[in-house]
Amino acid sequence: MIVILLAIGGFLAVTIGAAFFFIPWLSTDIYFIYTCASLVKSFLTLAKKKVLIVDLLERGAKRHPNKTMLLFEGDSYCYEMVDNQANKVARFAQEIGLKTGDTVAMMALNSPEFVWTLFGFCKLGIRVALLNTNLRSRSLWHCISVSGANTLIVGKDLTEAIETISEELKTADYGVWIQGDHVPAQYNAMDEALTGLSTDPIDPSIRSKIDIREPAFYIYTSGTTGLPKAAIVTHRRCCGAVSLIGKVCNMGANDVLYVPLPLYHAAGLVHGIGGILYLGGTVVVRKKFSASQFWDDCRQYDVTVIMYIGELCRYLTNRPKDPRDQDHKVRCAYGNGLRPEVWSDFQSRFNIRYIREFYAATEGTGFLINVNNAVGAVGRLSPIFRAIYPYKLLRYDIEEESAYRGADGRCVEAEVGEPGLFVTGLNDGRMEFDGYKGKEDINERRILRNCFKQGDSYFNSGDLLVMDKMYNVSFVDRVGDTFRWKGENVSTTEVATVLADGQGHIASVNVYGVEVPGGDGRAGMAAITLHPGKSMTEDLLASLHAKVSEYLPMYARPLFLRILIEVQQTSTFKYVKGNVQREGFNPNVIKDQLFILDSKKHSYAPLTDEVYEQIQGGQLRL
């Protein structure tokens, strides 16, 4: 019997050894799949128990009330204090007539007030539409309107933003509450209203009837429909995100997380704040990212894990070297968008042991995570993994801006090394497509149907990824009518509408993103055609500058203009971006007129050879 067992053991050992020898990626794959399975298990457990994100705050306040939850600008806030302040906000909401299922819109910079105001509404099951603080005018009003809210909370220092929609707010009879001091007379002072309200716990039974699939937040994302879309973030989806950072970064209750990202996005709010509440740890929140203060903050607060977006790491790496670059306790960086050309320099210069690059969409049905430090990768798509999870890379037709379909009308999977459109399965019991608030056709645009067989469907990420021979997957670019610049998604349709609207000289506008040396993502460029007999005048250039400054956030304003004789279109009258995008903004190649955004002159100025060389050499930063 012993001989037989030894023989079986020897056979298994040889077989396993051979498998690892002939399949070198197998060990990495096993760890990756184990991590993903563990995350899915945690998510499903929380969802089954109907745990809401606000429950995690209340749990922390009971278990360790005096432990520091939040650090901000030198001050500390314990779990009990944050929870107490949230209780006051909940009572404020009741005082002004809000109830479970209502929606409030909130526009505020990162701060402790942001956190407890948000959770105060969550205590009553009130949905919160989180407004991007860069929005102004039409885009801002659209985001408020589509949310269905009739109450607006505005953080201090952002009164000027809502002044751009003051008439709309007045006509619609919105309740506008401003945080901080010196509130203009036409608005309500929220801090005054909070004075004297009780900090006693809110009865959690108030939200007991909330369905886990109901919206918790609306988070705005640009897309192919022009104006920002309100992605529905359900309570169930929050469950899928709060455990992510802790598991992949091997974090515990003693860790300190640094979040310089805006809390109106899912990464900072749900992964960051939610992740810390799940762990019972401590989070450092910064009002706005500062490259010069980043490492000083990490040293001051004994930070162990940092969150990033791609250009953040680039900005840090581009700063002058400092003898203290490695004088910190940070062991892991977690985020997305870290480009391969920055990755190694960032990791070695600042001695970051682990990089945990993840890929996900706020409204998507899947995620990827790099758990093996493969430079430039966002995760893996091995045959084993794809047999478990319905993820695909589809061959993509750049000119037609759609998934390529063969003669049989079916999609074709991309080859190794070929950029492909990343798609994921819909509603398979794990992640679900919750869609957007608004018309149903908005949701339909994100679904690919009849891909491999009649009746199947996939979520269209709108992103191109590429897979190498070891099945590591890296981000390439966004496709279609959206590109990414300075950590934000830019809708080409929205930008084109602003440029063309009301301009009697302009016949068409084709907006796209172009690569810029030292920039992360793509900078906005607009190829414009004029009506016959019209020319690009100084007055028109100044007018275009005024329009983009008034109606577009800074990250969406096109940095370059190109004046075309005629616009290229497909047979279905879609703009062809491929050729003009590849030509970029090089005046030595392009014979058309080129202009660059000049904020000092409040206009667009000619893009000369000298200016182009300054951009290429890094002397002129965009």
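Now for a description of the structure that goes with this document. (Residues numbered from 1 in each chain as written. Predicted model: local features only at pLDDT ≥ 70, side-chain atom pairs only at ≥ 80, totals over all residues. Heavy atoms only, no water.)

### Some remarks on unusual backbone geometry
- In this model, Ser137 sits at a positive phi of 50 degrees, which is unusual for a non-glycine residue.
- Structurally, the position occupied by Ser137 is in helix α6 (residues 137–147).
- Of note, the phi angle at Asn351 is positive, near 55 degrees, even though the residue is not glycine.
- With respect to the helices and strands, Asn351 occurs in the loop between α15 (340–349) and β14 (354–360). (Helix = DSSP H or I, 4+ residues; strand = E, 2+ residues; numbered from the N terminus.)

### Let's talk about the packing of aromatic side chains
- Considering all chains together, one arrives at 21 aromatic pairs under this definition.
- Ring centres 6.3 Å apart and planes at 20 degrees place the aromatic pair Phe289 and Tyr315 in the stacked group. Separated by 26 residues along the polypeptide, Phe289 in the loop between β11 (282–285) and α13 (294–300) and Tyr315 in helix α14 (residues 310–318) bring together distant segments of the chain.
- According to the relative accessible area criterion, Phe289 is partly exposed, its value standing at 26%.
- Classification of Tyr315 by relative accessible area gives partly exposed; the value is 29%.
- For the ring pair Tyr391 and Phe422, a centre distance of 5.6 Å and an interplane angle of 85 degrees mean the geometry is edge-to-face. With Tyr391 in strand β17 (residues 391–397) and Phe422 in strand β19 (residues 420–425), this pair connects stretches of sequence that are 31 residues apart. In this pair, the class of Tyr391 matches that of Phe422, namely buried.
- Through a chain of ring-to-ring contacts, the aromatic side chains of Tyr258, Phe289, Phe294, Trp295, Tyr315, Phe346 and Phe350 assemble into a single cluster.
- Positioned above the aromatic ring of Tyr551 is the side chain of Arg138, whose terminal nitrogen or guanidinium carbon lies 5.9 Å from the ring centre.
- Lying over the aromatic face of Phe452, Lys392 brings its terminal NZ or CZ to 5.4 Å of the ring centre. (Phe/Tyr/Trp six-rings, centres within 6.5 Å; stacked < 30°, edge-to-face > 60°. Buried < 20%, exposed > 50% of the residue type's maximum accessible area, 1.4 Å probe, protein only. Lys NZ or Arg CZ within 6 Å of the ring centre and 35° of its normal.)

### Observations regarding the packing of helix α4 (residues 79–95) against helix α5 (residues 112–123)
- Interhelical geometry of α4 versus α5 gives an angle of 55 degrees and a closest axis separation of 7 Å. The angle between the axes of α4 and α5 places the two elements in the oblique class. The interaxial crossing formed by α4 with α5 has right-handed handedness. Between α4 and α5, the residues in contact are Val82, Asp83, Gln85, Ala86, Asn87, Val89, Ala90, Phe92 and Ala93 and Val115, Trp116, Thr117, Phe119, Gly120, Phe121 and Lys123, respectively.
- Across the contact of α4 with α5, the residue classes tally to ten nonpolar, four polar and two charged. (Axes fitted to C-alpha atoms, helices over the stretch in contact; angles between N-to-C directions. Parallel < 35°, antiparallel > 145°, perpendicular 65-115°, else oblique. Left-handed = near helix turned anticlockwise from the far one by under 90°. Contact = heavy atoms within 4.5 Å. Nonpolar A, V, L, I, M, F, W, Y, C, P; charged D, E, K, R; others polar.)

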